[in-house]
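If you want the building blocks of each chain, they are given just below.
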Amino acid sequence: MVSHPEYHYVDNVLKHRETGEGFKWVNQAHYDHLGDYVTLYIQERMVQDFGMEEILVPLPEDCPEPDCPKCNIFMTPNARTCETLVLVIEGSGAVTPGMWARSLCINDTLETGTILPYLRRIRDNGWGAVVFNPNGIPAPTMEQPAEGEQTKNKKVVIPHHETGEAHTRYVFDRVVAAQCNQYRNLLIVAHSYGGVCTHKLIVDREEALLPRLRAVAFTDSVHQWPSSESSTLLRRELIRQHRAMANHELTEEEINELVPPVPAPSRPVAQFFAEHVVNWLSRSTPLDTEDAEYDEGCKGVSAGTPKHERTSAACIDSVFALFDAKLAAVPEQ
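Description of the structure in this document.

In terms of regular secondary structure, the protein is built from twelve helices and ten strands. For the protein, buried positions account for 49% of its 333 residues. The contacts of the protein with a sequence gap of at least 6 include a subset with a gap of at least 24, amounting to 70%. Accessible surface computed for the protein: about 15800 Å², of which carbon and sulfur atoms make up 51%.

Side-chain pairing between opposite charges can occur once the charged atoms of the two side chains come close. Throughout the structure, instances matching the rule amount to 13 salt bridges. As a salt-bridge pair, Arg 205 and Asp 173 come within 2.7 Å of each other at their nearest N and O atoms. Note that Arg 205 is positioned in the loop between helix H6 (193–204) and helix H7 (206–209) and Asp 173 in helix H5 (residues 164–179), a separation of 32 residues in sequence. Overlapping salt bridges bring together Glu 61, Asp 62 and Arg 174 as one network.

This next bit is on the packing of H5 against H6. Running from amino to carboxyl end, H5 crosses H6 at an angle of 55 degrees, the nearest separation of the two axes being 9 Å. With respect to each other, H5 and H6 are oriented oblique. When the axes of H5 and H6 are compared, the crossing they make is right-handed. Mapping the contact onto sequence places Gly 164, Glu 165, Thr 168, Arg 169 and Phe 172 in H5 and Tyr 193, Val 196, Cys 197, Lys 200, Leu 201 and Asp 204 in H6. Of the residues contributing to the contact of H5 with H6, the split by class is five nonpolar, two polar and four charged.

It is worth spelling out the state of the cysteines at this point. Linking two cysteines covalently via their sulfur atoms produces the bond known as a disulfide. Across all of its chains, the model carries one disulfide by this definition. Sulfur-sulfur distance for the disulfide between Cys 63 and Cys 68 comes to 1.9 Å. On the S-S bond that ties Cys 63 to Cys 68, the torsion sits near 115 degrees, and the link is right-handed. Like Cys 68, Cys 63 is buried. Left without a disulfide partner, Cys 71 is nearest to the cysteine sulfur of Cys 68, which lies 9.9 Å away. As a non-bridged cysteine, Cys 180 has Cys 82 as the owner of its nearest cysteine sulfur, 7.3 Å distant.

Okay, the side chain of His 4 next. With respect to the helices and strands, His 4 occurs in the segment before strand E1 (7–10). Within the structure, His 4 has its side chain in polar contact with the side chain of His 33 (distance 3.4 Å).

Glancing now at the nonpolar core. By size, the foremost hydrophobic cluster in this structure holds 47 residues, and its most contacted members are Val 38, Met 46, Leu 119, Trp 280 and Phe 323. For this core, the leading source of residues is helix H1 (residues 28–50), giving nine residues.

All told, the structure shown has 13 aromatic pairs when counted by the stated rule. Seen from their ring centres, Tyr 7 and Phe 23 are 6.0 Å apart, and the 50 degrees between their planes marks the pair as tilted. Placement of Tyr 7 in strand E1 and of Phe 23 in the loop between strand E2 (13–16) and H1 is noted, with a sequence separation of 16 residues between them. Tyr 7 sits in the buried class, given a relative accessible area of 2%. Ring centres 4.9 Å apart and planes at 45 degrees place the aromatic pair Trp 225 and Phe 273 in the tilted group. Within this pair, whereas Trp 225 is found in the loop between strand E8 (213–219) and helix H8 (229–245), its partner Phe 273 is found in helix H10 (residues 267–276), the two being separated by 48 residues in sequence. Cluster of aromatic residues (ring-pair linked, three or more members): Trp 100, Tyr 118, Trp 127, Phe 320 and Phe 323. Directly above the ring of Tyr 183 sits Arg 212, whose terminal nitrogen or CZ lies 4.1 Å from the centroid.

As a further point, take the pairing of strand E6 (residues 128–131). Here is the key point about a regular strand: its side chains alternate between the two faces of the sheet. Side chains of E6 alternate between two faces, with Gly 128 and Val 130 and Ala 129 and Val 131 buried alike. Here strand E4 (residues 71–75) runs beside E6; their pairing, made up of two bridges, is antiparallel. Looking at E6, one finds that Phe 74 is bridged to Val 131.

So, how was this worked out
Residues numbered from 1 in each chain as written. Predicted model: local features only at pLDDT ≥ 70, side-chain atom pairs only at ≥ 80, totals over all residues. Heavy atoms only, no water. Helix = DSSP H or I, 4+ residues; strand = E, 2+ residues; numbered from the N terminus. Buried < 20%, exposed > 50% of the residue type's maximum accessible area, 1.4 Å probe, protein only. Contact = heavy atoms within 4.5 Å. Areas by Shrake-Rupley, 256 points an atom, 1.4 Å probe, with all protein chains shown as cover. Salt bridge = Lys/Arg side-chain N within 4 Å of Asp/Glu carboxyl O. Axes fitted to C-alpha atoms, helices over the stretch in contact; angles between N-to-C directions. Parallel < 35°, antiparallel > 145°, perpendicular 65-115°, else oblique. Left-handed = near helix turned anticlockwise from the far one by under 90°. Nonpolar A, V, L, I, M, F, W, Y, C, P; charged D, E, K, R; others polar. Disulfide = S-S within 2.5 Å. Polar contact = N/O pair within 3.5 Å; in protein donor to acceptor, adjacent residues only side chain to side chain. Core = buried A, V, L, I, M, F, W, Y, C linked by side-chain atoms within 4.5 Å. Phe/Tyr/Trp six-rings, centres within 6.5 Å; stacked < 30°, edge-to-face > 60°. Lys NZ or Arg CZ within 6 Å of the ring centre and 35° of its normal. Pairing = 2+ DSSP bridges.

Geometry only, nothing functional implied.
Okay, structure coming up:
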């Protein structure tokens, strides 16, 4: 297993090797180096505990240059042949495949900060999984930060993965649809900005997805429905900012080019969201309490925690209850 000179995991909790205490802040470079260890440790657990296969994308045929930058995704051994396949799509930021929240992995426990509990349930159900990397973060090394370096993380632009939405579309097209197309049932769990990526994927790949997509579980997704009040207010604010920066009165055509209106979803997509998608929101109300004011195209309920980063762990039982219910409603062939 990968090791860190100061810290290691004991029963899924990060401890100092000498004092047994939890993480102590030093500086950003030290934190990033520790974050690399945490990433590698989690991904080694995914390989060792679940037999997951690491795949580098873009695939060689899509970027044949020897120095082509790549990021990693993971799939279970049965992903290519399983009847039910789950796509796991993380949020934005410093999180890497296998994480929901790096801060929880460092300051709390891997049971709340990682997808490992989800993978256990997926395995126990006999399902397969593909774990995405919408942040396009290359697999890290344990290289120590240079003396005086403030941070060791530098953004790398990866072909076909310039945005989270582009990554999600590429992995679906070139890995899921091309290599794992034996599934009868598709399920998606997506956290935070992963919900934006999922929403865009369903709109862009409606015909390929909807016939076998049974349910989507969002955990505090930040996607916006075109007709929702929040989407309208966001576009209005962006237009205000562009008008303030412009040196002339913007025409309607210029406004639509700068801030394109989000097209309304097709009727099948809207119906699917209304009937098969649930967003577990960061709320102080009890788990599964419906939020009647939520209007982002799908049902919104409480995740049972007001902490955004804890929603995925807090609502795991409800997520799999949704999956089970939707699978049970699929007609037998």
